Every structure is written in C-alpha cells, then in structure tokens.
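# Architecture at a glance
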Amino acid sequence: MSHDPNCIFCKIVAGKIPSRKVHEDSELFGFHDVAPWAPVHFLLIPKQHIATLYDVEDAHQAMLGRMLRLAPRLALELGVANGFRTLINTGEDGRQEVQHLHMHVMGGPRPWARG
Ligand code: AMP
C-alpha cells in the first residue's frame, strides 16, 4: 500500500498526527474535519495515498464504492438522519487543498458555517 511521508492525511492514517476518528477498516479511514462547515463534518479517505480523483485507477473502483456506501452509515451513527452533502474537491480549479483523495460528508441542522 503506497504512502507519501510528506502527506498530512497519510500521517493521520499512521497516527503520527492526531485526529478524531469516526471509522477505520483495512482500506478506509474516516475522521472529523478540523474546520467543520456543518455541525457534523467528517472526511473519508483511502488509507493508501491516492492524490486526486484524476489518479484513480480501475483497481480502486470497489474501494470508492465502499466509501460511498459507508457515508450514510456513518452519518446515521453520528446522528445525521435528515440528509447530508458529499463533496470531493479535485485539483486546483476544484479547490483541493490536501493532495490525498478525500470525500467530505457534511450534515446536521442548518444554518451551517459554509456551503
Ligand atoms: P479540500 O479543500 O477538499 O482539500 O479540504 C481539505 C479539508 O481537510 C479541509 O476541510 C480542512 O479543514 C481539512 N483538514 C486539513 N487538515 C486537517 C487535519 N489535520 N485534521 C482534520 N481535517 C483537516
């Protein structure tokens, strides 16, 4: 499994940077966003270093499907039962700040800080 020693999210997966974990399995990791837009805002990431959606390969398709399947389960576990938003920013024009593929999951009662 590939890791980038300079990647902040790889460091979170490795436990070198603390996070508020919401999920971990053999290929996915989930944790609360440090600057939440919504009352519940967590990120789902592959444990392996995939920089962006542009870097996704056919072999990653099942993992991406699992990520989508996991989002509503975790949202419900965290009390989000009235809907949520998912967002994957990609590349410069997509305003992706962290170069490790991640899906935002945002929910909870409005108003939200952003979005
Ligand atoms: P994006 O613009 O899609 O790349 O979003 C990156 C997200 O990562 C932002 O919402 C940040 O608040 C979040 N983030 C950055 N560093 C951390 C961290 N150490 N722990 C949790 N979330 C983080």
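Everything discussed here concerns the structure shown above.
Summary of the structure given here. (Residues numbered from 1 in each chain as written. Predicted model: local features only at pLDDT ≥ 70, side-chain atom pairs only at ≥ 80, totals over all residues. Heavy atoms only, no water.)

### Some remarks on helix α2 (residues 61–77)
- With 17 residues, α2 should reach 24 Å at 1.5 Å per residue; the first-to-last C-alpha distance of 25 Å fits that figure.
- Roughly 25 degrees is the biggest bend found in α2, and it falls at L70, with proline P72 one to four residues downstream.
- Among all positions of α2, only M63, M67, L70, A71, L74 and A75 are buried.
- Contacts from the buried residues of α2 go to β1 (21–24), β2 (28–32), β3 (40–46), β4 (84–87) and β5 (103–107). (Helix = DSSP H or I, 4+ residues; strand = E, 2+ residues; numbered from the N terminus. Expected span 1.5 Å × (residues − 1). Bend = angle between axes of the 7 residues up to and from the residue. Buried < 20%, exposed > 50% of the residue type's maximum accessible area, 1.4 Å probe, protein only. Contact = heavy atoms within 4.5 Å.)

### Some details on the site of the ligand
- Contacts to the ligand come from 16 residues, most closely from D33, N89, E97, H102 and H104.
- Within the backbone of V34, an N or O atom sits 3.1 Å from a nitrogen atom of the ligand.
- Contact distances for the ligand include 2.7 Å between an oxygen atom and a side-chain N or O atom of H102.
- Burial of the ligand by the surrounding chains reaches 85%, relative to a free accessible area of 500 Å². (Near = heavy atom within 4 Å. Polar contact = N/O pair within 3.5 Å; in protein donor to acceptor, adjacent residues only side chain to side chain. Areas by Shrake-Rupley, 256 points an atom, 1.4 Å probe, with all protein chains shown as cover.)

### A short note on the layout of surface pockets
- Taken as a whole, the largest pocket holds about 560 Å³ of empty space.
- Forming the boundary of the largest pocket are 24 residues, of which D33, L43, E97, V98 and H104 lie nearest the centre.
- Residue assignment for the lining of the largest pocket shows that the elements contributing at least two residues are α1 (8–13), β2 and β3.
- For the lining of the largest pocket, the residue count by class is eleven nonpolar, eight polar and five charged. (1 Å grid on protein atoms, 1.4 Å probe; cavity = no way out; pocket = protein on both sides within 12 Å on 5 of 7 lines; lining within 4 Å. Points joined across faces, edges and corners; volume = space filled by probe spheres on them. Nonpolar A, V, L, I, M, F, W, Y, C, P; charged D, E, K, R; others polar.)

### Re unusual backbone geometry
- Between R110 and P111 the backbone carries a cis peptide bond, its omega angle lying at 10 degrees.
- Examined against the element boundaries, P111 turns out to sit in the segment after β5.
- Of note in this structure, R95 is not a glycine but carries a positive phi near 60 degrees.
- By the secondary structure assignment, R95 is in the loop between β4 and β5.
- On the accessibility criterion, R95 (69% relative accessible area) is exposed.

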